[in-house]
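Close look at the chain arrangement
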Amino acid sequence: IDTAILEHHLEKICQHESIAYELDGLKVIVAESEGSARDAINLLEQVRFASDKVTKKNVQQVLGHLDDER
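Now for a description of the structure that goes with this document. Note that the structure is a prediction, hence the values are computed from the model and not measured. (Residues numbered from 1 in each chain as written. Predicted model: local features only at pLDDT ≥ 70, side-chain atom pairs only at ≥ 80, totals over all residues. Heavy atoms only, no water.)

Some remarks on the nonpolar core
Among the nonpolar cores identified, the biggest contains 14 residues, and Leu10, Leu26, Ile29, Leu44, Val54 and Val59 are the most heavily contacted of them. Broken down by secondary-structure element, the contributors of at least two residues to this core are α1 (3-17), α2 (23-33) and α3 (37-50). What leucine 10 contacts, discounting residues up to four positions off in sequence, is Leu26, Ile29, Val30, Ala40, Ile41 and Leu44. (Core = buried A, V, L, I, M, F, W, Y, C linked by side-chain atoms within 4.5 Å. Buried < 20%, exposed > 50% of the residue type's maximum accessible area, 1.4 Å probe, protein only. Helix = DSSP H or I, 4+ residues; strand = E, 2+ residues; numbered from the N terminus. Contact = heavy atoms within 4.5 Å.)

Here's what the structure looks like:
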């Protein structure tokens, strides 16, 4: 799926489900999922339950990636 469409879809899910998010966090999810809506939604769910807000840092933490500062 096109990146912009998938980002918009995740944004709508977050709004509908009252999930706090930052656009940078959703962009990391979309990049990691490589266009797969199923993978993106699964990762969004993992981040949602692991933290109080979907941010770039929280997504990277769930993925086991180091943040940009390190």
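Additional details are given in the paragraphs that follow.
Observations concerning the packing of α1 against α3
At a closest axis distance of 11 Å, the pairing of α1 and α3 adopts a crossing angle of 40 degrees. Of the possible angle classes, the one that applies to α1 and α3 is oblique. The chirality of how α1 crosses α3 is right-handed. Where α1 abuts α3, its residues Leu6, His9, Leu10, Ile13, Cys14 and Glu17 lie against Ala37, Ala40, Ile41, Leu44 and Arg48. A breakdown of the residues in the contact of α1 with α3 according to their chemical character gives eight nonpolar, one polar and two charged. (Axes fitted to C-alpha atoms, helices over the stretch in contact; angles between N-to-C directions. Parallel < 35°, antiparallel > 145°, perpendicular 65-115°, else oblique. Left-handed = near helix turned anticlockwise from the far one by under 90°. Nonpolar A, V, L, I, M, F, W, Y, C, P; charged D, E, K, R; others polar.)

Concerning the pattern of salt bridges
Scanning the model with the defined rule gives three salt bridges in all. Measuring nitrogen to oxygen at the nearest pair gives 3.5 Å for the salt bridge that ties glutamate 22 to lysine 53. In this pair, glutamate 22 sits in the loop between α1 and α2 while lysine 53 sits in the loop between α3 and α4 (56-63), placing the two residues 31 residues apart along the sequence. For glutamate 22, a relative accessible area of 35% gives the class partly exposed. Residue arginine 38 is joined to aspartate 39 by a salt bridge in which the shortest nitrogen-to-oxygen separation is 3.4 Å. The class of aspartate 39 is partly exposed, set by a relative accessible area of 34%. (Salt bridge = Lys/Arg side-chain N within 4 Å of Asp/Glu carboxyl O.)

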